[in-house]
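Here are the chains, one letter per residue:
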Amino acid sequence: MNTSFDTFISPLLSLIDNKLLLFIVVFIITVASLYYIKHKAKSGFSISDRFWIFWTGHKRKEGSDLIDDIIEIEKFNYHYNTNAVSKREKVQFENWVRKYELDFKLLSKLKGYFSIDILKVKKVKTRWSLAAFLLIFVPFFLLWGSLMVALKPAGLIKMKETSWFWLNKNEAAEYNYFGGKNEGG
């Protein structure tokens, strides 16, 4: 396969030449990065700090100020998807993970189902709701009659001012959507 440098670069150059398309791409990337950061962060301060680090790569110097403690807790919450509110909870979590050699990646996926203050997983209750039933099964039952027509080697026709008729090579019968066929002639 003969690939040249131009085949890769020419779409990028055309993107740069088209200012409107370039603006749309940059806008989508910016909105997507903001959405990602907002989804991961727990507070407005964390969002602004994460956005600053994400786009500039500039990190604050670590010190002993209160703001540095807040940044450390927010960074911990950002990386591990937890809701720690103090350095004590952060240190307890780290010690707990090290002591029992737990998979912190699995714990970070628990999000709202992990209580960091007591270091336990909350019970997850699953149940089928009426909405799930309606979204899954009702369309299936409504389409059942259409499936019966579509899968058989026959035809369904409607004559003027009469009902539907089911035709195949053996018979012609009046068709009822909810209950089979009535024998015709």
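Quantities reported herein were computed from a predicted structural model and do not represent experimental measurements.

Asker: How should I be thinking about helix H4 (residues 66-80) in this particular structure?
Answerer: Between the first and last C-alpha of H4 there are 21 Å, a value that for 15 residues agrees with the 21 Å anticipated at 1.5 Å per step. Considered for burial, the residues of H4 that qualify are Asp68, Ile71, Ile73, Glu74, Phe76, Asn77 and Tyr78. A positive backbone phi angle near 50° is found at Asn81, which sits one or two residues after H4.

Asker: Before we go on, may I ask you to explain the pattern of salt bridges in this structure?
Answerer: Charged atoms that come close allow side chains of opposite charge to pair. In total, this model carries four salt bridges according to the counting rule given. When salt bridges with common partners are traced through the structure, they connect Asp69, Glu72, Lys87, Lys90 and Glu94 into a single cluster.

Asker: Before we go on, may I ask you to explain the environment of Asn170 in this structure?
Answerer: Checked against the element boundaries, Asn170 lands in the loop between strand S4 (164-167) and strand S5 (172-176). The class of Asn170 is exposed, set by a relative accessible area of 68%.

Asker: Is there a simple way to think about a nonpolar patch on the surface in this case?
Answerer: Taken together, Leu130, Phe133, Leu134, Leu135, Ile136, Phe137, Phe140, Phe141, Trp144, Leu147 and Leu151 make up a surface patch of nonpolar side chains, about 1,100 Å² in accessible area. Mapped onto the elements, Leu147 comes out in helix H7 (residues 130-151).

Asker: Help me out: how do you make sense of the pairing of strand S3 (residues 155-158) in this one?
Answerer: The side chains of a regular strand alternate, first on one face of the sheet and then on the other. Relative to S4, S3 is paired through four bridges, and the arrangement is antiparallel. Residue pairing across strands places Ile157 opposite Phe165, the latter belonging to S4. Hairpin geometry of S3 and S4 is characterised by an intervening segment of five residues between the two adjacent antiparallel strands and by a positive phi of about 60° at Glu161.

Procedures and definitions
- Residues numbered from 1 in each chain as written.
- Predicted model: local features only at pLDDT ≥ 70, side-chain atom pairs only at ≥ 80, totals over all residues.
- Heavy atoms only, no water.
- Helix = DSSP H or I, 4+ residues; strand = E, 2+ residues; numbered from the N terminus.
- Expected span 1.5 Å × (residues − 1).
- Buried < 20%, exposed > 50% of the residue type's maximum accessible area, 1.4 Å probe, protein only.
- Salt bridge = Lys/Arg side-chain N within 4 Å of Asp/Glu carboxyl O.
- Patch = residues over 30% accessible without salt bridge, like charges linked within 9 Å, V, L, I, M, F, W, Y side chains within 5 Å.
- Areas by Shrake-Rupley, 256 points an atom, 1.4 Å probe, with all protein chains shown as cover.
- Pairing = 2+ DSSP bridges.

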